[in-house]
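Notes for the structure review
Chain residues, written in single-letter form:
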Amino acid sequence: MPKITDLRAREILDSRGIPTVACEIMLDDNTYAVGFVPSGASKGAEEALELRDCDNNRFGGKGVLKAVSNVNSLIRDQIIGLDADNLTIIDQKMIELDGTANKSKLGANATLSVSLAAAKAVAKSRRQPLYTYLAEIMNVKLE
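None of the values given here were measured: they were computed from a predicted structure.

1. Points about the sheet that holds strand S3 (residues 32–36)
- Strand order across the open sheet formed by 3 strands is S1-S2-S3, with antiparallel pairing between neighbours. The two strands at the open ends of the sheet, each matched to only one other strand, are strand S1 (4–13) and S3. Neighbour-to-neighbour, the strand axes of this sheet turn through a mean angle of 20°, independent of strand direction.
- In this structure, S1 lies alongside strand S2 (residues 19–27), joined through 9 bridges in antiparallel fashion. Residue Asp 6 lies in a different strand from S2, and its bridge partner there is Met 26.
- Contacts between helix H1 (residues 65–79) and the sheet are confined to S1 and S2, with S1 contributing the most and set at about 175° to the helix.
- Along the sheet, helix H3 (residues 108–125) contacts S1, S2 and S3; its crossing angle with S2, the most-contacted strand, is approximately 40°.

Here it is as structure tokens:
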């Protein structure tokens, strides 16, 4: 199983010009993938929290440099060396590291970008479409 050798995040703009987190992941078999998570147009009261910078001098307070920093430091330290194919362990590490019900410490935008990047990297490493890999690990039959 491929191991995670590098993990980095950066701030990008989504199709609406709103900052979001892009996470780049590298596996020990040289597979590279990127996961990015644009925010939805509507927000539910029970949704996990996107971590925003609230600095009105940047993107009207919607910057995500705090979430990017969380990926590049706290999350990275916990994820490097893990088996990329075990998405449950990766997600569990981030849930434990965050320690909040709504992802307010690390930011759902940070954790989801890491999780998506890992899933895409493993699918790519296996030479499978992402949907096939996810159906396989979720034990779902696609017809």
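2. Regarding the confidence of the model for the chain
- When pLDDT is averaged along the chain, the result is 93, and 97% of the positions lie at 70 or above.
- Between the elements of the chain, mean pLDDT differs from a low of 92, seen in helix H4 (residues 130–137), to a high of 98, seen in S1.

3. So, the pairing of S2
- Where burial is concerned, most of S2 is hidden: 8 out of the 9 residues are buried.
- What sits between S1 and S2 in their antiparallel hairpin is a turn of 5 residues, with Gly 17 showing a positive phi close to 80°.
- Inspection of the sheet shows S2 paired to S3 by 5 bridges, in the antiparallel sense. In the sheet register, Cys 23 faces S3, and the bridge partner there is Gly 35.
- From the end of S2 to the start of S3, which pair antiparallel, there are 4 residues, and Asn 30 there has a positive phi angle of about 70°.

4. Some words on the side chain of Asp 85
- You can see Asp 85 is positioned in the loop between H1 and helix H2 (87–98).
- Residue classification places Asp 85 among the buried positions, given a relative accessible area of 16%.
- Side chain to side chain, Asp 85 and Arg 126 meet in a polar contact 2.8 Å long.
- When near neighbours in sequence (up to four residues on either side) are disregarded, Asp 85 contacts Met 1, Pro 2, Val 122, Arg 126 and Tyr 133.

5. Digging into unusual backbone geometry
- For Asn 30, which is not glycine, the phi torsion reads 70° and is therefore positive.
- Along the chain, the position of Asn 30 falls in the loop between S2 and S3.
- On the accessibility criterion, Asn 30 (64% relative accessible area) is exposed.
- Not every positive phi belongs to a glycine, and Phe 59 is a case in point at roughly 50°.
- If you trace the backbone, Phe 59 turns up in the loop between S3 and H1.

6. With respect to H3
- The end-to-end C-alpha separation of H3 is 25 Å, in line with the 26 Å expected for 18 residues at 1.5 Å each.
- Where H3 terminates, the next one or two residues include Arg 127, which has phi positive at roughly 60°.

Calculation notes
Residues numbered from 1 in each chain as written. Predicted model: local features only at pLDDT ≥ 70, side-chain atom pairs only at ≥ 80, totals over all residues. Heavy atoms only, no water. Pairing = 2+ DSSP bridges. Helix = DSSP H or I, 4+ residues; strand = E, 2+ residues; numbered from the N terminus. Axes fitted to C-alpha atoms, helices over the stretch in contact; angles between N-to-C directions. Contact = heavy atoms within 4.5 Å. pLDDT = per-residue confidence, 0-100. Buried < 20%, exposed > 50% of the residue type's maximum accessible area, 1.4 Å probe, protein only. Polar contact = N/O pair within 3.5 Å; in protein donor to acceptor, adjacent residues only side chain to side chain. Expected span 1.5 Å × (residues − 1).

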